[in-house]
Amino acid sequence: MRFINTRPQDRADRLTQAMQDAGYQVEHLPLLELIAVPLSEELQQLYQQLDQVQVIVVVSPTAVDIGMKYLVKSGLNLHQLAHIRWIAVGQATAKALAQFGIQSDVPEVESSEGMLDLPLLKQQSDLQKIAFWRGLGGRQFMMQQLQQQGVKIANFVLYHRQCPQQSVFEFPRLLEKMELDQPVAVLISSEASWKNWLQLCAQNPCKQKWVYLVLGERLTAILNQAQHSLGNTINIIQLENLSASEIIQRMSDWRGAV
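Residues numbered from 1 in each chain as written. Predicted model: local features only at pLDDT ≥ 70, side-chain atom pairs only at ≥ 80, totals over all residues. Heavy atoms only, no water.

By the naming in an unreviewed UniProt entry, the protein chain is Uroporphyrinogen-III synthase, taken from Acinetobacter haemolyticus CIP 64.3 = MTCC 9819. Taken from UniProt, the Catalytic activity (unreviewed entry) comment for the protein chain reads in full: "hydroxymethylbilane = uroporphyrinogen III + H2O". The UniProt entry for the protein chain carries this comment under Sequence similarities (unreviewed entry): "Belongs to the uroporphyrinogen-III synthase family." (UniProt positions renumbered as here; feature names shortened; annotations may be inferred.)

A.B. asks: Tell me about the nonpolar core, residues and numbers included.
C.D. replies: Of all hydrophobic cores here, the largest spans 47 residues; its most connected members are Leu 50, Trp 86, Trp 133, Phe 156 and Leu 158. Ranked by the residues each element gives to this core, the list is headed by helix 3 (residues 61–73), at six residues. Discounting residues that sit within four places of it in the chain, Phe 156 has contacts with Leu 43, Leu 46, Tyr 47, Leu 50, Ala 131, Phe 132, Trp 133 and Arg 134. (Core = buried A, V, L, I, M, F, W, Y, C linked by side-chain atoms within 4.5 Å. Buried < 20%, exposed > 50% of the residue type's maximum accessible area, 1.4 Å probe, protein only. Helix = DSSP H or I, 4+ residues; strand = E, 2+ residues; numbered from the N terminus. Contact = heavy atoms within 4.5 Å.)

A.B. asks: I'd love a proper account of the packing of helix 8 (residues 165–177) against helix 9 (residues 191–203), names of residues and values included.
C.D. replies: When two helices pack together, their arrangement is given by the angle between the helix axes and the distance between those axes. Running from N to C, helix 8 and helix 9 point in directions that differ by 45 degrees, and their axes come no closer than 10 Å. Classified by the angle their axes make, helix 8 and helix 9 are oblique. When the axes of helix 8 and helix 9 are compared, the crossing they make is right-handed. Judged by residue contacts, Ser 167, Val 168 and Phe 171 of helix 8 engage Trp 197, Leu 200, Cys 201 and Gln 203 from helix 9. A breakdown of the residues in the contact of helix 8 with helix 9 according to their chemical character gives five nonpolar, two polar and no charged. (Axes fitted to C-alpha atoms, helices over the stretch in contact; angles between N-to-C directions. Parallel < 35°, antiparallel > 145°, perpendicular 65-115°, else oblique. Left-handed = near helix turned anticlockwise from the far one by under 90°. Nonpolar A, V, L, I, M, F, W, Y, C, P; charged D, E, K, R; others polar.)

A.B. asks: An account of the domain arrangement of the protein chain is needed here, citing residue identities and associated values.
C.D. replies: The domain architecture assigned to the protein chain consists of domain 1 (1–31 + 162–251) and domain 2 (33–159). Relative to domain 2, the C-alpha centre of domain 1 lies at a distance of 28 Å. Regarding the contact of domain 1 and domain 2, the summed buried area is about 980 Å², with carbon and sulfur atoms giving 47% of it. Counting every contact that joins domain 1 to domain 2 gives one salt bridge. (Domains from an automatic or database assignment. Buried area = accessible area lost by both parts, 1.4 Å probe. Salt bridge = Lys/Arg side-chain N within 4 Å of Asp/Glu carboxyl O.)

This is how it looks when you write it as structure tokens:
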């Protein structure tokens with residue numbers, strides 16, 4: 001069975017190796033690449049407000065890298081942020097923060113819903129201001145939920161996301177390699193990557209039997225709703241995280257059930 005690893009290039013290798021070791025044919029087709037935005041005057045002003053922030057939510061290792069570089073360029077250091085608690089969307093982001101000596105809270109489910117369920121956010125009634133280190137368009141749901149609770153948001157847009165041009169070129173060639181009766185598992189880790197996937201499919205009509213491995217409950221609901229517009233039933237497997245062990249176990253369960 002084929003598995004399409006859609007993770008960004010710098011985060012794909014370990015998963016690819018694990019899936020190959022488990023007997024899958026793996027194709028790498030990144031659906032997102034992250035491009036840093038310039039350090040604007042607006043961003044520098046946000047950095048100067050971090051003394052008012054109680055929590056920083058960091059949504060990716062890229063957000064860690066860019067956020068820390070811009071922190072230094074804004075004339076700040078981590079000692080000035082000793083009062084702040086940190087939330088990492090997943091283990092990869094937590095490891096990136098750990099490189100700077102920062103311990104972070106990590107949700108069991110690596111999603112906005114998972115982060116909102118953390119005791120740090122769910123059980124603390126005195127939170128007043130939270131910063132988000134994120135990409136353009138990301139984590140809108142989470143920020144809206146917090147704002148509805150009366151929390152102020154410091155919105156650090158550090159990068160924008162786009163579908164890699166190389167993937168646009170490679171997708172038709174990938175389709176040519178696939179057998180029509182062979183199920184193909186596709187990893188969908190964000191709403192942005194799902195939208196890019198739909199665009200690729202619209203530009204290259206295909207009849208493959210897709211099996212979607214989807215991160216979290218909300219993204220699963222989005223794909224379920226898409227079935228109506230796609231005009232057919234699609235196979236969806238919900239993931240709790242993006243670890244190789246989770247993906248392999250869920251795929252094994254699905255294959256045993258069909």
